[in-house]
Structure formats: C-alpha cells, structure tokens
Amino acid sequence: MTTLILTHADTDGLCSGALARAVYGDARVMFSNPVSLPADIRYAGEYDRLVVCDIAFDLSLAGTVKKMLDEISGAKEIVYLDHHPLPRELSAPWLVHDTDSCGSLLTFDHFRRALDANMSRVAMYGAIGDYRDNAPLARGLVRRWDKRSLYYQAGTLSQGIEMARKDYDYKRLVLERLAKNELPSEIGDLSRQAVAASRLEEGLRDRVERTVERMQNIAYVINPEGFISKAAIYARIYGDRPVGICADYRKYRDVYDISVRSTPEVAMNELLNASAVRFGGYGGGHPMAGGGRIPADRLHQFLADFDRQIGRALAGKGQTAISVATG
Ligand SMILES: [Mn+2]
C-alpha cells in the first residue's frame, strides 16, 4: 500500500507528520494548509492511503473538502486527524477530531499500537509547540519524560523552525529525522537557528513593550517587525488586556495580516470572524489563538468593533477587562 501524508508546516504539523511517517515508512509527505487542501487532495489519486494531519477546515472550503474525501473514501483508506474547531457539526467516518487535543497527540493516539512507545516525546514536542501541553493525553504522556529535557528539545524545535518559515525542504528533513525520534538539538542546525530566533524574539518583545497600544479590552501592535503570533502574545501581556493583537501590513495586497491571542477568560474566535467579515476581511481559529486578514483602510474600524464585541462577551460573563488576570 502506498501512502500520502498531508500535514501542516508548523511544529504540531511537523510532529504529526513525523508520527504518521514513522508508521508508514515509505509514505510521501507534503505540506498543506486549509486553503490549498482541495488542490493537494488531488495528489492522493496515485496513492492507496491518505493521512491528513493538523489542517483546519476552512469555513468556505469545508463542503468541497468533505465531498472530495467522501468520493475517494470508497477506493482508499483515509484518516483525517484534526483539532481545530469544525464548521457546522461536520462529521465523517474518516474524521478523527477532538478540540481538546492537538494534531500530534491525536496522531500518536490513533497510531499508538503501531508506534514505538518512545515516540510519545515527539507527540509532546507538538503539543508544547501548539500550547496544548495541558490537554488530557499530554498530562499523561509528560510523566514518561524528564520535563526539563523534554521542554528544552520542544523549544529547540519550535524556535528553530521559526527561522525557516517557508523552507519546506528543510522542514521535510526535520520531519524525517523526527520520524526516527532523533533529538531536535541533533537535527541539522536547529540549535543554532533556535538561538537566532530567540535573539530576534527578544528584540521584538522589547519593541512590543515600548509600542503597545491599549483599548478597553484589547491591546495591539502594528508592524512590530517580527514573528506576528509572538507579538500578539507580548501585546496581550504588556498591554495587560485579555486580548492581544499584532497587525502586520502586507504591501502587495494592501491588507493587514493579524494574529490574535487571548486569555482563557474569553473565547474570541467567533467574535474575531464576525468582526473581520464585517469590515471586508476574514478571521478565525481557536478560542484563544487565531488570525486573519483585514483590508488596510478598515483596520482601525475593525479594532474598535472587535474591542466592543470582546467587552460585551466579558460583560456577559460578569467580568471586565480590569478583573481579568493576565500573564
Ligand atoms: Mn495544531
């Protein structure tokens, strides 16, 4: 049987793909994302088996993706492992889904009997990379390892690949080595890249602390020059608001790409989607972590509206921004 693995190119996706690759030693691995998934599923035509890991269903493409997979599921073995919020109660026999997990934990659990038990640390690198080290399965797996070594390796992996955002050949090499359970600190120049990324992050952290703007419920930075998801986290922390946003201008499209992070007190993904759509953009993600894109000339209207919506949600829960502990 020949196998195609489609996975996300972030830390959780690399670890998910590595776990699937450890099970199917001759599998081909391709990196995909919610928007290019329909095109990438077509490559499955040549294979007997398709494994999809850690790729969210895009709201507007979910129907297309489901139809494509339903159609080929008669002739092929298909498993789709994901933890992102599902559009409208989507369910299918090929779908393994749990929002209280992450791609690599789901992949490890699904293939557990075929995997060496020591591969649980690869699942943990993915869980830590996706901030899901408190998920029920992760809390059990972490006890099999020394926490300090585990988090050191997970940090080396996630910081190290920050520098190689679009270098898919490099990421494929990392995935292959993770599939053999090699330590991230021994893979290529990940250690050196992790040091470089940490240095850049430190400069970013300092810029965000100095330039963060505060609204009632959200704190934001615009063009902080650096990793946008990290900037959103630091905006939340230094802005001392339940929601942090980083907006990064993209000249060729005249839009802002945004990254949003919140505290557990506010599930913001649906509010983010509604506000973004209201101003001609789009957005979504997890309750505490999301992103999107807003037309450049509507950014400040979007921020004001989103700030109001967050305020309303917190008021509904009997909370105000001031009483929400951050940090
Ligand atoms: Mn993930």
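Residues numbered from 1 in each chain as written. Predicted model: local features only at pLDDT ≥ 70, side-chain atom pairs only at ≥ 80, totals over all residues.

(A) Fine view of the overall build of the protein. Scanning the protein from N- to C-terminus turns up 12 helices and 11 strands. For the protein, the C-alpha radius of gyration of 20 Å lies close to 20 Å, the compact-globule estimate for 327 residues. For the C-alpha atoms alone, the extent of the protein along its principal axes is close to 55 × 45 × 40 Å. With 327 residues in all, the protein has 45% of them scored as buried. (Helix = DSSP H or I, 4+ residues; strand = E, 2+ residues; numbered from the N terminus. Rg over C-alpha atoms; globule rule 2.2 N^0.38 Å. Buried ≥ 20, exposed ≤ 12 C-beta atoms within 10 Å, placed from the backbone.)

(B) Spotlight on the domain arrangement of the protein. Looking at the assigned domains, one finds that the protein contains domain 1 (3-192) and domain 2 (212-323). Once you take the C-alpha centre of each, domain 1 and domain 2 turn out to be 27 Å apart. Contact with domain 1, which involves 4 residues of that partner, is made by 4 residues of domain 2. (Domains from an automatic or database assignment. Contact = placed C-beta atoms within 7 Å.)

(C) Layout of the sheet that holds strand β9 (residues 255-262). On the basis of which strands lie adjacent, the open sheet formed by 6 strands has the order β6-β7-β8-β9-β11-β10 and mixed pairing. Whereas interior strands pair on both sides, the edge strands pair on one side only; in this sheet they are β6 (213-214) and β10 (282-285). As paired elements, strand β8 (residues 243-250) and β9 share 8 bridges and run antiparallel to each other. Opposite R250, over in β9, you have V255 as the bridge partner. (Pairing = 2+ DSSP bridges.)

(D) Molecular detail of helix α4 (residues 103-110). α4 sits mainly inside the fold: 6 of its 8 residues count as buried. Buried residues of α4: G103, S104, L105, L106, T107 and F108, and no others. Looking at the packing, one finds that the buried side of α4 touches α1 (11-23), β3 (49-53), β4 (77-82), β5 (95-97), α5 (120-129) and α6 (136-141).

(E) Molecular detail of the sheet that holds strand β2 (residues 28-31). Overall, parallel pairing links the 5 strands, which are arranged β2-β1-β3-β4-β5 in an open sheet. Strand pairing shows two members of the sheet lacking a second neighbour, β2 and β5, which therefore form its edges. Between one strand axis and the next, the sheet turns by 15 degrees as a mean value, whatever way the strands run. The pairing of strand β1 (residues 3-7) with β2 spans 4 bridges and is classified as parallel. Looking at the pairing, I5 lines up with V29 of β2. (Axes fitted to C-alpha atoms, helices over the stretch in contact; angles between N-to-C directions.)

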